[in-house]
Amino acid sequence: MFVINCPYCGERDQSEFSCGGEAHIVRPKQPTELSDDEWAEYLFMRKNIKGVQFERWNHAHGCRKWFNMVRDSSNDKIHAVYKMGEKPPAI
Amino acid sequence: MKNKYSIFSLIKNAFSQHENWKQAWGNPEPKKEYDAVIVGGGGHGLATAYYLAKKHNMKNIAVLEKGWIGGGNTGRNTTIIRSNYLWDASAGLYDHALKIWENLSQELNYNIMFSQRGVMNLAHNLQDVRDLKRRTHANRLNGIDAVWLDTNQVKEFCPIINISQDIRYPVLGGTLQRRAGTARHDAVAWGYARGADAMGVDIIQNCEVKGIKRNGDQVEGLQTAKGFIKTKKIGVVAAGHSSVIANMAGLKLPLESKPLQALVSEPVKPIIDTVVMSNAVHAYVSQSDKGELVIGAGTDAYISYTQRGSHDVVEGTLKAILELYPIFSRMKMLRQWGGIVDICPDASPIISKTNIKGLYFNCGWGTGGFKATPGSGDLFAHTIANDEPHKLNAAFNLNRFVSGDLVDEHGAAAVAH
């Protein structure tokens, strides 16, 4: 449990947000041309990093906007928050 | 077994004030090379080593544990054992485990305090009723004992439940598996460790794995905190840290690791003599032999390896508990903790070979791995020894995420994942 600095609303309790998992997984441009292995990679395989990772969050009980976050999953420390479409910070 | 436990050994040791009991397992330094190495000294890993030695005659093997054995999820779960799963593949897997549980204390010569006190799953809305009735029928077709109880029968079986129809989630009935129950989770790890050690397995604690060495697509050994260990077969049973080990071998798994919480109350006199689980409100409760209420809560909805868990999750569970059991309103909670569970997209486990030769994974048990400990160890040992899955774990391969043949117990299992 931690406090998240929503880029639109400011600091709010984590329980107001829902996590959308790993960020920057690009939707395939030509889904019809994907092999089964590539589909599995896109749909299911995750880095699941213990340490600093990039993830998507949604302020579900607030502005309901999506944004990205850089968080250390080993201690829940948040390193950066940035809007969708913005370049991920170098960490 | 050298130091067999019995009434006679108890009497004999009483004469020396119980000061001469032998250590139940050794504390060896790792050898340079093993025929197989198991990564992870929890219940599943120790059981795997035990069955590798016992059924497949592989004695030159080691179990590597980062901390101390049974200190991870084996010692953090709510000790519930049941096999009332919906799908045939899951029913086969979990009932295989339950059948081993029924004779495990005798087999290990170690009292794991297995108690078939029954597990009841409550229905709180019409869809729950339909789902649970369907599951009862599916269980019986698979030879698993299951009965449907109406609201009054639920009350009769567990008199402290509030069956008022005016509460937010009223009890509309439930299912009961009488063969289900609980076991002492630490004793399971200790019993398997003792059994494996007696057959020559090296149990190496405080030995974290730092890397996996590959030669092309074949594993060659492990970098560990105690140096390099050569081996051609590595079985990884690292629960929440499975992805961490997989990344060392350049492999990605379909897992997300999240904290799952549990808590216990102050000890009180016997008040609940069964296990009651409630899917819709995600609250389950039983009472330990010490008298503590053992309460299971849910997972946090984000990846974390912190072994803590959030307060709002516990709050939600306790609200549900209080509505169902108003008698607990003045109970004090004594301890709370979290364990890191590795969750698969279909909420079923993976007991499988990988595309790297000699690397095997037993993971993805999510929130419900304890109940499967003996069966999981047995089937994983078979998979490692023969380089082929047993027919009971064939469906739980890694390739199902490519083929789409998922074992979708999500929401179909007795408790929400």
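The structure displayed is predicted, hence computed values, not measured ones.

**Q** Hey, could you run me through the overall build of chain B in this one?
**A** Scanning chain B from N- to C-terminus turns up eleven helices and 20 strands. On C-alpha atoms alone, chain B measures out to a radius of gyration of 21 Å, which is about the 22 Å that the 2.2 N^0.38 rule sets for 417 residues. Projecting the C-alpha coordinates of chain B onto the three principal axes gives extents of approximately 65 × 65 × 40 Å. Across the 417 residues that make up chain B, the buried fraction comes to 58%. In chain B, 75% of the contacts between residues at least 6 apart in sequence involve partners at least 24 apart. Carbon and sulfur atoms form 51% of the exposed surface of chain B, whose accessible area is close to 17100 Å². With 46 positive and 38 negative side-chain charges, chain B shows a separation of 4 Å between the mean positions of the two kinds.

**Q** Honestly, the pattern of salt bridges in this entry has me stumped. Any pointers?
**A** One side chain can pair with another of opposite charge once the charged atoms of both are near each other. Residues and elements named next belong to chain B. All told, the structure shown has 20 salt bridges over all chains when counted by the stated rule. In this structure, Arg179 and Asp95 form a salt bridge, with 3.2 Å as the shortest nitrogen-oxygen distance. A residue pair is termed long-range when its members are at least 10 positions apart, and Arg179 in the loop between strand 7 (173–177) and strand 8 (181–182) and Asp95 in helix 3 (residues 88–101) qualify at 84 residues. Summarising the burial analysis for this pair, Arg179 and Asp95 share the class buried. Connected through shared salt-bridge partners, Asp95, Lys99, Glu102, Asp145 and Arg179 make up one network.

**Q** What exactly am I supposed to notice about the packing of aromatic side chains here?
**A** Aromatic ring pairs are described here by two measures, namely the spacing of the ring centres and the angle between the planes. Residues and elements named next belong to chain B. What the rule picks out here adds up to 16 aromatic pairs over all chains. Here Tyr5 and Tyr110 contribute two aromatic rings whose centre-to-centre distance is 6.1 Å and whose plane-to-plane angle is 50 degrees, an arrangement assigned as tilted. In this pair, Tyr5 is assigned in the segment before helix 1 (7–14) and Tyr110 in the loop between helix 4 (104–108) and strand 5 (119–123), connecting sequence segments 105 residues apart. What makes Tyr5 partly exposed here is its relative accessible area of 28%. Accessibility expressed as a relative area gives 17% for Tyr110, which makes it buried. Between the aromatic rings of Trp101 and Phe114, the centroid separation amounts to 6.0 Å while the plane-to-plane angle is 15 degrees, which identifies the pairing as stacked. Separated by 13 residues along the polypeptide, Trp101 in helix 3 and Phe114 in the loop between helix 4 and strand 5 bring together distant segments of the chain.

**Q** In this structure, what is going on with the pairing of strand 5 of chain B? I would like to understand it.
**A** Consecutive residues of a regular strand have side chains that alternate between opposite faces of the sheet. Residues and elements named next belong to chain B. Along strand 5, five of the five residues are buried, which leaves the element largely enclosed by surrounding structure. Here strand 5 shows no split at all, with Val119, Asn121 and Ala123 on one side and Met120 and Leu122 on the other all buried. Both strand 5 and strand 7 contribute to a ladder of five bridges, which runs antiparallel. What sits directly across from Asn121, in strand 7, is Thr175.

**Q** Honestly, the nonpolar core in this entry has me stumped. Any pointers?
**A** Proteins that are soluble and globular tend to have nonpolar side chains buried together. Residue and element names in this part refer to chain B. Judged by nonpolar contacts, the single largest core of 48 residues is most densely connected at Leu46, Tyr51, Trp101, Leu104 and Tyr192. Listing elements by their share of this core, those giving two or more residues are strand 2 (36–39), helix 2 (43–55), strand 3 (61–64), helix 3, helix 4, helix 7 (185–198) and helix 10 (373–386). The leading source of residues in this core is helix 2, at seven residues. Apart from residues no more than four positions distant in its own chain, Tyr51 is found in contact with His56, Ile100, Leu104, Glu107, Tyr192, Pro374, Gly377, Asp378 and Ala381.

**Q** What should I look at first to understand the sheet that holds strand 9 (residues 202–204) of chain B in this one?
**A** All names here are of chain B. The six strands are arranged 9-3-2-13-20-19 in an open sheet whose pairing can be described as mixed. Looking at strand neighbours, the two that pair on one side only are strand 9 and strand 19 (350–353), the edges of this open sheet. Averaged over all pairs of adjacent strands, the angle between their axes in this sheet comes to 15 degrees, without regard to strand direction. In terms of strand pairing, strand 3 meets strand 9 through three bridges, oriented parallel. When the sheet's bridge partners are listed, Ala62 is paired in strand 9 with Asp202.

**Q** Looking at this structure, how should I read the side chain of Asp95 of chain B?
**A** Residues and elements named next belong to chain B. For Asp95, a relative accessible area of 5% corresponds to the buried category. At 2.7 Å, the side chain of Asp95 forms a polar contact with the side chain of Ser83. Contact partners of Asp95, with chain neighbours within four places excluded, come to Ser83, Ile144 and Arg179.

**Q** Looking at this structure, how should I read the interface of chain A and chain B?
**A** How big an interface is tends to be stated in terms of the accessible area lost upon association of its parts. On the chain B side, the residues contacting the 24 residues of chain A number 25 residues. Roughly 2100 Å² of surface becomes buried between chain A and chain B when both sides are summed, with 55% attributable to carbon and sulfur atoms. Linking Glu41 of chain A and Lys252 of chain B is a salt bridge whose minimum nitrogen-to-oxygen distance equals 2.8 Å. The tally of links from chain A across to chain B stands at twelve residue pairs in polar contact (both at pLDDT 80 or more). Those elements that provide at least two residues to the side of chain A that touches chain B are strand 3 (18–22), helix 1 (36–43) and strand 4 (52–58) of chain A. No other element matches the four residues that helix 1 of chain A contributes to the side of chain A that touches chain B. The residue inventory of the side of chain A that touches chain B, partitioned by class, reads eight nonpolar, eight polar and eight charged.

**Q** What am I meant to see in the environment of Lys47 of chain A here?
**A** Relative to the helices and strands, Lys47 of chain A resides in the loop between helix 1 and strand 4. The exposure class of Lys47 of chain A is partly exposed, given its relative accessible area of 42%. The spacing of Lys47 of chain A and Glu22 of chain A is 25 residues in sequence and 7.8 Å in space, taken between C-alpha atoms. Setting aside chain neighbours within four positions, we find Lys47 of chain A in contact with Glu22 of chain A together with Ser243, Asn247 and Lys252 of chain B.

**Q** For this particular structure, what's the right way to read the sheet that holds strand 14 (residues 256–265) of chain B?
**A** One key point about sheets: their strands pair by backbone hydrogen bonds, in either a parallel or an antiparallel sense. Residues and elements named next belong to chain B. Taken together, the eight strands give an open sheet; going across it, the order is 6-7-5-15-16-17-14-18, and neighbouring strands pair in mixed fashion. Of all strands in the sheet, those with a lone pairing partner are strand 6 (147–149) and strand 18 (333–343), marking the two edges. Ignoring strand direction, the axes of neighbouring strands in this sheet form an average angle of 20 degrees. Where strand 5 lies against strand 15 (residues 275–278), four bridges are found, and the strand directions are parallel.

**Q** I would appreciate a short explanation of a nonpolar patch on the surface in the present structure.
**A** All names here are of chain B. There is a patch of nonpolar side chains on the surface, built from Ile7, Phe8, Leu10, Ile11, Phe15 and Trp21 and spanning about 700 Å² of accessible area. Here Ile7 is to be found in helix 1. Ile7 sits in the exposed class, given a relative accessible area of 52%.

**Q** I would appreciate a short explanation of unusual backbone geometry in the present structure.
**A** Leaving glycine out, the prevailing phi sign among residues is negative, and the prevailing peptide bond configuration is trans. All names here are of chain B. Backbone geometry at His18 places phi at a positive 55 degrees, although glycine is not the residue there. Turning to its location among the elements, His18 is positioned in the loop between helix 1 and strand 1 (33–34). Unusually for a residue other than glycine, Asn57 sits at a positive phi of about 55 degrees. The topology assignment puts Asn57 in the loop between helix 2 and strand 3.

Reading guide: rules and limits
Residues numbered from 1 in each chain as written. Chains lettered and ligands numbered in written order. Predicted model: local features only at pLDDT ≥ 70, side-chain atom pairs only at ≥ 80, totals over all residues. Heavy atoms only, no water. Helix = DSSP H or I, 4+ residues; strand = E, 2+ residues; numbered from the N terminus. Rg over C-alpha atoms; globule rule 2.2 N^0.38 Å. Buried < 20%, exposed > 50% of the residue type's maximum accessible area, 1.4 Å probe, protein only. Contact = heavy atoms within 4.5 Å. Areas by Shrake-Rupley, 256 points an atom, 1.4 Å probe, with all protein chains shown as cover. Lys, Arg positive; Asp, Glu negative; His and termini not counted. Charge placed at Lys NZ, Arg CZ, Asp CG, Glu CD. Salt bridge = Lys/Arg side-chain N within 4 Å of Asp/Glu carboxyl O. Phe/Tyr/Trp six-rings, centres within 6.5 Å; stacked < 30°, edge-to-face > 60°. Pairing = 2+ DSSP bridges. Core = buried A, V, L, I, M, F, W, Y, C linked by side-chain atoms within 4.5 Å. Axes fitted to C-alpha atoms, helices over the stretch in contact; angles between N-to-C directions. Polar contact = N/O pair within 3.5 Å; in protein donor to acceptor, adjacent residues only side chain to side chain. Buried area = accessible area lost by both parts, 1.4 Å probe. Nonpolar A, V, L, I, M, F, W, Y, C, P; charged D, E, K, R; others polar. Patch = residues over 30% accessible without salt bridge, like charges linked within 9 Å, V, L, I, M, F, W, Y side chains within 5 Å.

Honestly, that's just the spatial picture; any functional story needs more than this.
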